[in-house]
Amino acid sequence: MEQDRQRVIQEYVPGKQVTLAHVIANPDPVLYTKLGIKELGAIGIMTLTPTESSIIAADIATKAANVDLGFLDRFTGSLIVVGDVSAVEMAIEAVNTFLSTKLRFAPAILTRS
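Residues numbered from 1 in each chain as written. Predicted model: local features only at pLDDT ≥ 70, side-chain atom pairs only at ≥ 80, totals over all residues. Heavy atoms only, no water.

Caption draft 1: Geometry of the nonpolar core. In this structure, Val18, Met46, Leu48, Val67, Val88 and Val95 are the most contacted members of the largest nonpolar core, which totals 22 residues. Elements that contribute at least two residues to this core include exactly β1 (17–24), β2 (42–49), α2 (53–64), β4 (78–83) and α3 (85–102). If you tally residues by element for this core, the top one is α3, at six residues. In this view, Leu48 contacts Gln17, Val18, Thr19, Ser53, Ser54, Ala57, Thr76, Gly77, Val95 and Leu99; residues no more than four positions away in its chain are not counted. By size, the runner-up hydrophobic cluster in this structure holds six residues, among which are Ile24, Ile37, Ile43 and Ile80. (Core = buried A, V, L, I, M, F, W, Y, C linked by side-chain atoms within 4.5 Å. Buried < 20%, exposed > 50% of the residue type's maximum accessible area, 1.4 Å probe, protein only. Helix = DSSP H or I, 4+ residues; strand = E, 2+ residues; numbered from the N terminus. Contact = heavy atoms within 4.5 Å.)

This is how it looks when you write it as structure tokens:
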């Protein structure tokens, strides 16, 4: 006897949002190695949609605080910044503020571990 099966179709519909804004204040050194970046203090991670907005976010972050870009991927919307904890937090907050007020993005709550 054949059972009825439900089929689920998932679509990716990008909105204007920051989906993740997180600071790793004291990362394990192995994270730097796995990410292929220099050990420069805290690691700030953001993901954004549309994905190209990661370019704008990188520009804002580096102008707002003394951080270095660890990684930027315009195809996935991933952004990693590194620097002192306070600078990384300032950079991420500046991105959240600019995108939400100027471009009407939904911001993410800044989290920290």
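Now that the structure has been shown, we can carry on.
Caption draft 2: Broad picture of the side chain of Ser78. Counting through the fold element by element, Ser78 comes out in strand β4. Take Ser78: its relative accessible area is 19%, and that puts it in the buried class. Within the local environment of Ser78, its side chain forms a polar contact with the side chain of Thr76, the two groups lying 3.0 Å apart. Setting aside its immediate chain neighbours within four residues, Ser78 contacts Met46, Thr47, Ser54, Phe71, Leu72 and Asp73. (Polar contact = N/O pair within 3.5 Å; in protein donor to acceptor, adjacent residues only side chain to side chain.)

Caption draft 3: Highlighting the environment of Lys16. Looking at the secondary structure, you find Lys16 in the segment before β1. Distance in space between the C-alpha atoms of Lys16 and Arg104 is 7.3 Å, their sequence separation being 88 residues. In this structure Lys16 touches Thr49, Pro50, Leu103, Arg104, Phe105 and Ala106, once residues within four positions along its chain are discounted. Among the polar contacts listed, one links the side chain of Lys16 to the backbone oxygen of Leu103, at a separation of 2.7 Å.

Caption draft 4: Representation of the packing of α2 against α3 within the structure. Running from amino to carboxyl end, α2 crosses α3 at an angle of 130°, the nearest separation of the two axes being 8 Å. In terms of orientation, α2 lies oblique with respect to α3. Pair α2 / α3 crosses with right-handed handedness. Mapping the contact onto sequence places Ile56, Ala57, Ile60, Ala61 and Ala64 in α2 and Met90, Ala91, Ala94, Val95, Phe98 and Leu99 in α3. Counted by class, the contact of α2 with α3 contains eleven nonpolar, no polar and no charged residues. (Axes fitted to C-alpha atoms, helices over the stretch in contact; angles between N-to-C directions. Parallel < 35°, antiparallel > 145°, perpendicular 65-115°, else oblique. Left-handed = near helix turned anticlockwise from the far one by under 90°. Nonpolar A, V, L, I, M, F, W, Y, C, P; charged D, E, K, R; others polar.)

Caption draft 5: Structural view of α3. Taking 1.5 Å of rise per residue, 18 residues should cover 26 Å, and α3 covers 26 Å from first to last C-alpha, within 8% of that figure. Within the sequence span of α3, burial applies to Ala87, Val88, Ala91, Ile92, Val95, Asn96 and Leu99. Buried residues in α3 make contact with β1, β2, α2 and β4. With its phi angle positive at about 60°, Arg104 sits one or two positions after the end of α3. (Expected span 1.5 Å × (residues − 1).)

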